[in-house]
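Summary of structural features
Listed below, chain by chain, are the residues.
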Amino acid sequence: MTHYAWTIEASGSNRIQKVTTLPELYDILQMLKLPGIAPPTWLTIDPWREAPPGDGHYIYDEGGSNEWSIVWTKVNYGPGDVN
């Protein structure tokens, strides 16, 4: 299973850094209730495809009062790993 190292930063909150699968990341985003996450259909859009394979970033409300961001990178385990 593919894992991603990611960091979420939001104004007024502590930085969150973890390594999880995408479904686990989606669950965390839902729990944080950041603006722009709801409605849940946002989670069906695959922002990961618009970035180079495995790496990318997303910024919500850039420069605004509700700004938050996420940066991610695919974690490579080695040649024996099957993803």
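What comes next is a walk through the structure. Since we're looking at a predicted model, the values are computed, not measured.

A separate point is the pairing of strand β1 (residues 3-10). Note on strand geometry: in a regular strand, side chains alternate between the two faces of the sheet. Pairing between β1 and strand β4 (residues 68-75): eight bridges, direction antiparallel. Opposite I8, over in β4, you have I70 as the bridge partner. The pairing of β1 with strand β2 (residues 16-20) spans five bridges and is antiparallel. Residue W6 lies in a different strand from β2, and its bridge partner there is K18.

As a further point, take the packing of aromatic side chains. Applying the stated rule across the entire model yields two aromatic pairs. Where Y60 meets W68, the ring centres are 6.3 Å apart and the plane angle is 25°; that geometry is what we call stacked. Y60 sits in the partly exposed class, given a relative accessible area of 25%. One aromatic cluster is present, formed by Y58, Y60 and W68 through successive ring pairs.

For G56, the position within the fold is in strand β3 (residues 55-60). We classify G56 as buried; its relative accessible area is 16%. Each C-alpha atom of the pair G56 and W72 lies 5.5 Å from the other, and the pair is 16 residues apart in sequence.

Definitions and cut-offs
- Residues numbered from 1 in each chain as written.
- Predicted model: local features only at pLDDT ≥ 70, side-chain atom pairs only at ≥ 80, totals over all residues.
- Heavy atoms only, no water.
- Pairing = 2+ DSSP bridges.
- Helix = DSSP H or I, 4+ residues; strand = E, 2+ residues; numbered from the N terminus.
- Phe/Tyr/Trp six-rings, centres within 6.5 Å; stacked < 30°, edge-to-face > 60°.
- Buried < 20%, exposed > 50% of the residue type's maximum accessible area, 1.4 Å probe, protein only.

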